[in-house]
Amino acid sequence: MTVTDPGARAAAERAGRELEDASALEILGWAAETFQEQFCVTSSMEDAVVAHLAARVRPGVDVVFLDTGYHFPETLGTRDAVAAVMDVNVITLAPPRTVAEQDAELGPALHDRDPDRCCALRKVEPLRRGLAGYRAWATGLRRDESPTRAGTPVVGWDERRGKVKIAPIARWTQRDVDAYVAEHGVLTNPLLDDGYASVGCAPCTRRVAAGEDARAGRWAGRGKTECGLHG
């Protein structure tokens, strides 16, 4: 299944239908067997659930992390802990320009003035380059996270990148995630215990209040709800 394969999208969508009721381990097992070393997991290091699941079916799996230059120290610490204690190969991607270089060229605090462009430069483009050698990637998207994610397939076609996109825990709820973390002692970002329900870049993330949507703390006060990695 390659970018030039005209049947790639149809095959991915067929797999999504066939695996809709499969467990996360079964979905990841299919991905690992189908794509071998050309399969990776991406992680924001909010937690290591999908990385942990993937390592159970493919020990040493590549786990791709985007270091935007704006992460909380706790997020970088979670990345380092995952690399140290889990059977995965953590690969850190960085934008071509440091924050200081971006500030010098485009002005300071681009994330405040034009958050979409900041995300494009520091997330979307680095991930495009970082996924170039893979045919399929897995993400921790869940349908219950927000209305924009409600239709997430467990296996689908990433049109922008020409790759198979896998969301093995798409059907999980937060309760399912919490239960898996507790059962397996999975690493989580300490900020989740400090009022943050969703962890992104520090300038664009705040704690959430009781009753707020889990992603209400991301780009609060703006119409923006996604960074652009998933649509």
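Residues numbered from 1 in each chain as written. Predicted model: local features only at pLDDT ≥ 70, side-chain atom pairs only at ≥ 80, totals over all residues. Heavy atoms only, no water.

## Quick look at the pairing of strand 5 (residues 155–158)
- Sheet analysis places strand 5 next to strand 6 (residues 163–166), joined by four bridges and oriented antiparallel. Within strand 6, the position partnered with valine 155 by the bridge is isoleucine 166.
- Taken together, strand 5 and the strand that follows it, strand 6, pair antiparallel across an intervening segment of four residues, in which glycine 162 is found at a positive phi of about 65 degrees. (Pairing = 2+ DSSP bridges. Helix = DSSP H or I, 4+ residues; strand = E, 2+ residues; numbered from the N terminus.)

## As for the side chain of lysine 163
- With respect to the secondary-structure elements, lysine 163 resides in strand 6.
- Aspartate 158 provides the closest opposite charge to the buried, unpaired lysine 163, separated from it by 7.9 Å.
- A distance of 2.6 Å separates a polar atom in the side chain of lysine 163 from the backbone oxygen of tyrosine 134.
- Other than its neighbours up to four places away in sequence, lysine 163 contacts Leu131, Ala132, Tyr134, Arg135, Trp137, Gly156, Trp157 and Asp158. (Buried < 20%, exposed > 50% of the residue type's maximum accessible area, 1.4 Å probe, protein only. Lys, Arg positive; Asp, Glu negative; His and termini not counted. Salt bridge = Lys/Arg side-chain N within 4 Å of Asp/Glu carboxyl O. Polar contact = N/O pair within 3.5 Å; in protein donor to acceptor, adjacent residues only side chain to side chain. Contact = heavy atoms within 4.5 Å.)

## Describing helix 8 (residues 174–184)
- For helix 8, every residue scored as buried is listed here: Val177, Tyr180 and Val181. Take helix 8 and look down its axis: the buried residues cluster within an arc of 100 degrees, on one side only. For helix 8, the exposed residues lying more than 90 degrees away from the buried face are Arg175, Ala182 and Glu183.
- Against helix 3 (49–57) lie the buried residues of helix 8. (Arc of directions from axis to C-beta.)

## Observations regarding the nonpolar core
- Formed by 41 residues in total, the largest nonpolar core has its most connected members in Phe39 and Ile166.
- With six residues, helix 3 is the largest single contributor of residues to this core.
- With eight residues, the next largest nonpolar core counts Cys40, Leu66, Leu127 and Trp137 among its residues. (Core = buried A, V, L, I, M, F, W, Y, C linked by side-chain atoms within 4.5 Å.)

## Observations regarding the UniProt feature "domain: Phosphoadenosine phosphosulphate reductase" (unreviewed entry) in the protein
- UniProt annotation of "domain: Phosphoadenosine phosphosulphate reductase" (unreviewed entry) refers to residues 44–206 when read in the numbering used here.
- As annotated, residues 44–206 comprises 37% helix and 14% strand, and the C-alpha atoms at either end are separated by 16 Å. (UniProt positions renumbered as here; feature names shortened; annotations may be inferred.)

## Considerations on the sheet that holds strand 3 (residues 88–93)
- Ordered in space as 3-2-1-4-6-5, the six strands form an open sheet in which the pairing is mixed. Of all strands in the sheet, those with a lone pairing partner are strand 3 and strand 5, marking the two edges. Ignoring which end each strand starts from, the neighbouring axes of this sheet average 30 degrees apart.
- Relative to strand 2 (residues 61–66), strand 1 (residues 39–42) runs parallel, the two being bridged by three bridges. Opposite valine 41, over in strand 2, you have valine 63 as the bridge partner. (Axes fitted to C-alpha atoms, helices over the stretch in contact; angles between N-to-C directions.)

## Concerning the environment of methionine 45
- Counting through the fold element by element, methionine 45 comes out in the loop between strand 1 and helix 3.
- Overall, the relative accessible area of 1% leaves methionine 45 in the buried class.
- Taking the C-alpha atoms as reference, methionine 45 lies 7.8 Å from leucine 76; in sequence the two are 31 residues apart.
- Apart from the residues lying within four places of it in its own chain, the contact partners of methionine 45 are Val63, Phe65, Thr75, Thr78, Arg79, Val82 and Asn189.

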